[in-house]
Amino acid sequence: MFAILSLAFVSVSSAAQPAPRSNGLAQTPPVGWSSWNNFGDDINEQIVIETIDAMIANGMRDAGYVFVNLDDGWQRYKGARRDHPLEFDPIKFPRGISYLADYAHQRGMKLGIYSGPGQTTCAGYTGSEGHEAEEARMFASWGVDHLKYDSCCSHREAPKEELQKIFRTMSNALMAQKRGIVLHACHCGWGDIWEWAAALGINHWRIGQDISDDFNYPGNREQYYFDVLDQLDRGVGLEKYAGPGHWNDYDMLIVGLDGKSKQLVGTGASNTEYRTHFSLWAMVSSPMLVGADVRKLDQYSLETLTNQEIVALNQDPAGNIAHKVRDDGDLEVFAKELADGS
Ligand code: GLA
């Protein structure tokens with residue numbers, strides 16, 4: 001049982017951190033939808049258009065959910081980048097990605113895309129290795145606003161310098177574009193990424209393994225997945241690394257999946273647990289990308305996600321991260337100071 005309170009507290013100094021390299025973006029955590037948690041790579045133009053339309057009709061856009069992010073599976077080819085170009089799949093996306101970016105922009109929303117630093121992505125599609133500048137130009141020309149750049153939790157033992165090089169290369173390529181593109185380094189937190197990501201211009205970085213659709217599963221499913229409370233525990237102590245423009249990412253939201261995702265493992269959580277998960281992600285200022293099929297959200301999930309006071313906790317301009325201020329075993333209290341001093 002969790003109680004969530006807003007209390008004043010003394011914030012931890014971040015003086016030892018290297019200065020962030022700012023692209024001026026993500027001054028508050030990105031909030032929106034991402035295709036992976038529900039659809040996996042089974043995505044297409046119709047799903048994206050219907051998602052945008054649904055987010056407008058059900059009030060999510062007006063509650064702040066402006067990012068609509070394609071995850072893995074938009075690419076035409078599976079296999080190594082050295083053997084194939086990186087192109088959109090013309091069957092799944094007959095009018096191309098720029099059509100979707102325009103569709104989103106005309107409606108006050110933003111479009112995100114996905115790639116990775118390897119020869120292949122995690123689902124086996126062509127990655128961007130060796131073609132970062134070319135790919136950044138292509139994404140910018142399509143009007144993309146957000147890039148999830150995914151190393152698939154590889155490089156666990158790699159020296160930090162190697163990891164930094166991977167992400168620096170894409171960050172530099174994006175920063176060379178006129179168009180501002182938010183950079184998400186999807187990475188399991190190896191090499192203490194939180195210590196150096198902001199200095200490379202990364203706007204958010206995953207702190208742990210993929211989330212499963214569970215609130216508190218004993219251990220890790222398949223010895224890999226993190227449930228809600230695992231993600232939260234992982235973030236304790238990392239608060240000082242986050243702030244406006246650079247955020248710890250606790251992974252995408254599982255609210256509304258109800259154990260029915262085609263992609264994620266897990267048996268779902270209760271409404272109260274999903275609501276607690278959402279409130280906690282707001283308190284720790286994580287990006288909040290809904291993973292459910294928003295065309296079919298039930299009323300309770302929609303009320304959870306569009307609770308304006310909770311979204312405002314996440315989007316508070318001070319960008320403070322809640323700290324655990326009390327832990328009595330069954331009761332944990334998280335608190336953060338808001339911009340207005342409350
Ligand atoms: C990794 C990421 C997921 C998703 C998939 C796509 O597992 O952690 O969030 O992007 O890759 O293949």
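Remember, predicted model here, so these are calculated numbers, not experimental data.

Draft legend 1. Structural context of the site of the ligand. Near the ligand the following residues occur: Trp36, Asp71, Asp72, Tyr114, Cys122, Ala123, Lys148, Asp150, Cys186, Arg206, Asp210 and Met252. A distance of 3.5 Å separates an oxygen atom of the ligand from a polar atom in the backbone of Ala123. Note that an oxygen atom of the ligand is positioned 3.1 Å from one of the side-chain N or O atoms of Arg206. Broken down by class, the residue content of the shell around the ligand amounts to 6 nonpolar, no polar and 6 charged.

Draft legend 2. Quick look at helix H3 (residues 96–105). Turning to H3, its buried residues number three or more, namely Gly96, Ile97, Leu100, Ala101, Tyr103 and Ala104. In this structure, the buried residues of H3 make contact with helix H2 (45–57), strand E4 (110–115) and helix H4 (132–142).

Draft legend 3. Highlighting the pairing of strand E6 (residues 182–186). Burial analysis of E6 places 5 of its 5 residues in the buried class, which makes it a mostly covered element. Here E6 shows a buried face lined by Val182, His184 and Cys186 and a second buried face lined by Leu183 and Ala185. In terms of strand pairing, strand E5 (residues 146–150) meets E6 through 5 bridges, oriented parallel. Of the residues in E6, the one forming a bridge with Asp150 is Cys186. Viewed along the sheet, the connection from E5 through helix H5 (residues 160–175) into E6 turns out right-handed. Relative to strand E7 (residues 204–206), E6 runs parallel, the two sharing 2 bridges. Along E7, the bridge assignment pairs Ala185 with Trp205.

Draft legend 4. Representation of the sheet that holds E7 in the model. Strand order in the open sheet made by the 8 strands is E8-E7-E6-E5-E4-E3-E2-E9, with parallel pairing throughout. Two strands lie at the open edges of the sheet, namely strand E8 (247–249) and strand E9 (288–290), each paired on one side alone. Each adjacent strand pair in this sheet contributes to an overall mean axis angle of 25°, direction not counted.

Draft legend 5. Main features of the pattern of salt bridges. One pass over the full model with this rule turns up 19 salt bridges. Arg295 is paired through a salt bridge with Glu50; the nearest N and O atoms lie 2.7 Å apart. Here Arg295, found in the loop between E9 and helix H9 (299–305), pairs with Glu50, found in helix H2; they are 245 residues apart in sequence, far enough to count as distant. Given the relative accessible area of 29%, Glu50 is considered partly exposed. Between Lys148 and Asp71 there is a salt bridge, and its shortest N-O distance comes to 2.6 Å.

Draft legend 6. Quick peek at the side chain of Asn38. Among the structural elements, Asn38 can be located in helix H1 (residues 36–39). Setting aside anything within four residues of it in sequence, one finds Asn38 in contact with Leu257, Ser261, Lys262, Gln263, Gly291, Ala292 and Asp293.

Draft legend 7. Representation of the pairing of strand E10 (residues 323–327). Summarising the sheet, E10 and strand E11 (residues 332–335) pair through 4 bridges and their orientation is antiparallel. Its bridge partner being in E11, Lys324 is matched across the sheet by Phe334. Hairpin connection of E10 to E11: 4 residues between the antiparallel strands, including Gly329 at a positive phi of 85°.

Draft legend 8. Just the state of the cysteines, in detail. Scanning the model with the defined rule gives 2 disulfides in all. The disulfide partner of Cys122 is Cys152, and the S-S distance across this bridge is 2.1 Å. Residues Cys122 and Cys152 are joined by a disulfide whose S-S torsion is about -95°; by sign, that bridge is left-handed. Pair noted here: Cys122 is in the loop between E4 and H4 and Cys152 is in the loop between E5 and H5, with a separation of 30 residues, a long-range link. What makes Cys152 partly exposed here is its relative accessible area of 30%.

Draft legend 9. Spotlight on the environment of Ser261. Mapped onto the fold, Ser261 is located in the loop between E8 and helix H8 (271–283). When the C-alpha positions of Ser261 and Asp293 are compared, they lie 8.9 Å apart, and in sequence the two are 32 residues distant. Beyond its immediate sequence surroundings of up to four residues, Ser261 is in contact with Asn37 and Asn38. In this structure the side chain of Ser261 is engaged in a polar contact, spanning 2.8 Å, whose partner is the backbone nitrogen of Gln263. Within polar-contact distance, the side chain of Ser261 engages the backbone nitrogen of Leu264 at 2.7 Å.

Criteria and thresholds
- Residues numbered from 1 in each chain as written.
- Predicted model: local features only at pLDDT ≥ 70, side-chain atom pairs only at ≥ 80, totals over all residues.
- Heavy atoms only, no water.
- Near = heavy atom within 4 Å.
- Polar contact = N/O pair within 3.5 Å; in protein donor to acceptor, adjacent residues only side chain to side chain.
- Nonpolar A, V, L, I, M, F, W, Y, C, P; charged D, E, K, R; others polar.
- Buried < 20%, exposed > 50% of the residue type's maximum accessible area, 1.4 Å probe, protein only.
- Helix = DSSP H or I, 4+ residues; strand = E, 2+ residues; numbered from the N terminus.
- Contact = heavy atoms within 4.5 Å.
- Pairing = 2+ DSSP bridges.
- Right-handed = clockwise from strand over helix to strand, strands pointing away.
- Axes fitted to C-alpha atoms, helices over the stretch in contact; angles between N-to-C directions.
- Salt bridge = Lys/Arg side-chain N within 4 Å of Asp/Glu carboxyl O.
- Disulfide = S-S within 2.5 Å.

These results come straight from atomic positions and should not be treated as a statement about function.
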